[in-house]
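The residues making up each chain are set out below.
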Amino acid sequence: MDRIRIVGGRPLVGSIPISGAKNATLPLMIASLLTDEVLVLENVPRLADVASLQRILGNHGVDVMVGGKRPGDSEYEGQTLHISAKRIVDTTAPYELVAKMRASFWVIAPLVARMGVARVSLPGGCAIGTRPVDLLVMAMQNLGAEIEIDRGYVVARAPKGLKGGRIEFPKVTVGGTHTALMAATLADGVTEIENAACEPEITDLADCLNKMGAKITGAGTKHIVVTGVPRLSGARHRVLPDRIETGTYAMAVAMAGGDVLLQGARAELLQAALDVIAGAGAEISVTNAGVRIARNGAGLAPVRVTTEPFPGFPTDLQAQLMALMTRAGGTSHITETIFENRFMHVQELARLGAQIRLEGETATIDGVPQLKGAPVMATDLRASVSLVIAALAAEGETMVNRVYHLDRGFERLEGKLQACGAEIERLSGF
Ligand code: UD1
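Calculation notes
Residue numbers here run from 1 along each chain, matching the order of that chain's written sequence. Given that this is a predicted model, residues contribute local features only at a pLDDT of at least 70 and side-chain atom pairs are listed and counted only at 80 or more, while totals for whole chains, interfaces and linings are drawn from all residues. Where side-chain values are given, they derive from all heavy atoms of the structure, hydrogens and water being excluded. To qualify as a helix, a DSSP run of H or I must reach at least 4 residues; to qualify as a strand, a run of E must reach at least 2; elements of each kind are numbered from the N terminus. When accessible area is computed with a 1.4 Å probe and restricted to protein chains, residues below 20% of their type maximum are described as buried, those above 50% as exposed, and intermediate ones as partly exposed. Every residue pair with non-hydrogen atoms within 4.5 Å of one another is taken to be in contact. Here the accessible surface of atoms and residues is derived via Shrake-Rupley with a 1.4 Å probe, and residues count as covered only by protein chains that are part of the display. Residues scored as positive are Lys and Arg, those scored as negative are Asp and Glu, and His as well as the terminal groups of each chain are ignored. Where a charge sits is defined by one atom per residue type, namely NZ (Lys), CZ (Arg), CG (Asp) or CD (Glu). In plain words, nonpolar cores are sets of buried Ala, Val, Leu, Ile, Met, Phe, Trp, Tyr and Cys residues tied together by side-chain atoms within 4.5 Å. Two strands pair under a simple rule: DSSP has to find at least two bridges between them. Here, axes are lines fitted to C-alpha atoms. For helices the fit covers the stretch in contact, and angles between N-to-C directions go from 0 to 180 degrees. Per the annotation, domain bounds derive from an automatic or database assignment of domains. Defined in terms of a 1.4 Å probe, buried area is the accessible area two parts forfeit on being brought together, summed over both. Salt bridges are defined by distance alone: a side-chain nitrogen of Lys or Arg within 4 Å of a carboxyl oxygen of Asp or Glu. Polar contacts here mean pairs of N or O atoms no more than 3.5 Å apart (in protein, one a potential hydrogen donor and the other a potential acceptor; neighbouring residues in sequence count only if both atoms are side-chain atoms). As a working rule, the residues Ala, Val, Leu, Ile, Met, Phe, Trp, Tyr, Cys and Pro are called nonpolar, Asp, Glu, Lys and Arg charged, and the rest polar, with Gly in that last group. Roughly parallel means an angle under 35 degrees; roughly antiparallel, over 145; roughly perpendicular, 65 to 115; everything else is oblique.

## Quick word on the overall build of the chain
What the chain contains, in helices and strands, is 14 helices and 24 strands. Reported as C-alpha extents along the three principal axes, the dimensions of the chain are approximately 65 × 50 × 40 Å. Out of the 430 residues belonging to the chain, those deemed buried represent 56%. For the chain, the share of sequence-separated contacts (at least 6 apart) that also reach a separation of at least 24 residues comes to 75%. Carbon and sulfur atoms provide 50% of the accessible area of the chain, an area that totals close to 16,400 Å². A distance of 3 Å separates the average location of the 43 positive side-chain charges in the chain from that of its 45 negative side-chain charges.

Set out below in structure tokens:
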């Protein structure tokens, strides 16, 4: 198993290319199940989660062809996937595959919409609290699917096809909105989704589905209307830049100091987070090429932040912000409202000398003048990268274990940071 070794204390200077968004890529790949024609996705990041989903789709009979390099491509150019679900040969998504990645549960929607039946294992994925699927199931039931839970599997049936209906989510759910959107595209009649998630990844999926011939209006707002069509066609779509990767590197620069251009980043995808980072004392400027972030010498100011659905501060940047605030000049408060157990990074940050108290859903962070390197590990993706951020400013060496979590969501993290001057390396085979 690989480890990452970091020696803190060097500022970051240069530029970091931002990859395509993992959280958009996964639903877009799953949407390929809705059509027997080829869906071409550009700017797909090279991530373990993308490879896992390729295997899961392969099990349903989907062929994925990876486009070759083009002249002038940089080493960080995203991949182009040609995905063909011409014939679906299996409508079961087995436990061994779904348990590795929660998002793969979403295959249930296109499978039942197109094939009239789907049998999908209840999911696993990151260990961040209970993550139920009751609202995803409710969405499909409201479109006429019959649902049964059978030995750990959710079985959805709609032998005569799905019917348009009204889906009102009692809380904002990204997975629920993705599922509802995909299922409704092929339903007979009009579907109204109320209290829909407004995350940019939802808008990206809806844009791609519309290119495939779907009739979706209102994506990006709380009220989405889908008029079902009998079939969808192929399309070509470019995945939007990863707002979480952008925010993560912005916090890394705020932490280590320096001046970095986040190439291809789009500020409007993470305005709330950029405002918080600016409030903490970093300088942020938006250019045609991306988002530039700098902090030269000035100390960090403490913040008070609550995670919220988009356009609020994202739960996927909570751990990284906490790492940053460990060195602020004062006391910060971070409240996590999306997931009840997303604080596993606290104990590990404490190993580096952070002072954090947890009370219910709020963490209180007393900034310290210096962190000290130590061996650490984390049990989820965003928690792992928060340890990297802390390590960049810690005195001495930090060894981050269980790097496979990072590989699920960050493309060549150590290469991107190294190129900006960080002392960071991957040690293989431990
Ligand atoms: C969530 C985040 C998303 C993030 C992802 C990975 C929000 C709104 N969603 O998306 O930004 O990228 O985690 O960290 O910030 N819920 C139910 N029943 C369900 C589905 C969800 O009760 O059937 C609850 C969840 O427990 C959670 C909330 O709804 O408290 C939001 O969950 P949801 O948005 O569906 O989770 P993800 O799609 O994983």
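## So, the nonpolar core
Ranked by size, the top nonpolar core spans 77 residues in total, and within it L33, L162, L181, M182 and L209 carry the most contacts. Setting aside chain neighbours within four positions, we find L181 in contact with I193, I202, L205, A206, L209, I216, I224 and V226. With 72 residues, the next largest nonpolar core counts L12, L274, I365 and V376 among its residues.

## Observations concerning the sheet that holds strand 4 (residues 63-66)
Taken in spatial order, the four strands line up as 4-5-3-14 in an open sheet, and their pairing is mixed. In the strand order of this sheet, the two ends are held by strand 4 and strand 14 (235-238), each with one partner. Along the sheet, successive strands turn relative to each other by an average axial angle of 20°, direction set aside. This element, helix 1 (residues 22-31), spans strand 3 (38-44), strand 5 (79-84) and strand 14 of the sheet and lies at about 170° to strand 3. Of the strands in this sheet, strand 3 and strand 14 touch helix 7 (residues 200-211), which is tilted by about 160° from strand 14.

## A look at the pairing of strand 7 (residues 117-121)
Pairing of strand 6 (residues 92-93) with strand 7 involves two bridges; the strand directions are parallel. The residue of strand 7 that forms the bridge with A93 is V120. Taken together, the five bridges between strand 7 and strand 9 (residues 153-157) define a ladder with antiparallel strand orientation. Within strand 9, the position partnered with R119 by the bridge is V155.

## Considerations on the domain arrangement of the chain
Taken domain by domain, the chain comprises domain 1 (3-19 + 241-427) and domain 2 (22-238). When each unit is reduced to the centre of its C-alpha atoms, the spacing between domain 1 and domain 2 is 30 Å. Each side of the interface is counted separately: domain 1 has 25 residues, and domain 2 has 20 residues. In total, about 2,200 Å² of surface goes out of reach between domain 1 and domain 2, with carbon and sulfur atoms giving 53% of it. By the criterion of area lost to domain 2, the three top residues of domain 1 are F310, R408 and E411, representing 30% of everything that side buries. At the boundary of domain 1 with domain 2, the tally comes to three salt bridges. For R408, the salt bridge is made with D49, and the minimal N-O distance between the two is 2.9 Å. Remark: the boundary between domain 1 and domain 2 carries seven residue pairs in polar contact (both at pLDDT 80 or more). If you list the elements that add at least two residues to the side of domain 1 that touches domain 2, you get helix 12 (381-392), helix 13 (404-409) and helix 14 (413-418). Per element, the largest residue contribution to the side of domain 1 that touches domain 2 is three residues, and it comes from helix 13. Here the residues of the side of domain 1 that touches domain 2 sort into eight nonpolar, five polar and 12 charged.

## So, the packing of helix 6 (residues 174-185) against helix 7
Following both chains from N to C, one finds helix 6 and helix 7 inclined at 10°, their axes separated by 10 Å at the closest point. In terms of orientation, helix 6 and helix 7 fall into the roughly parallel class. Contacts between helix 6 and helix 7 involve V174, T177, H178, L181, M182 and T185 from the former and E201, I202, L205, A206 and L209 from the latter. Tallied by class, residues from the contact of helix 6 with helix 7 come to seven nonpolar, three polar and one charged.

## Describing the side chain of T35
Position of T35 relative to the elements: it lies in the loop between helix 1 and strand 3. Accessibility expressed as a relative area gives 1% for T35, which makes it buried. A polar atom in the side chain of T35 sits 2.9 Å from the backbone nitrogen of E37. Setting aside anything within four residues of it in sequence, one finds T35 in contact with A85, R114, M212, L232, S233 and G234.

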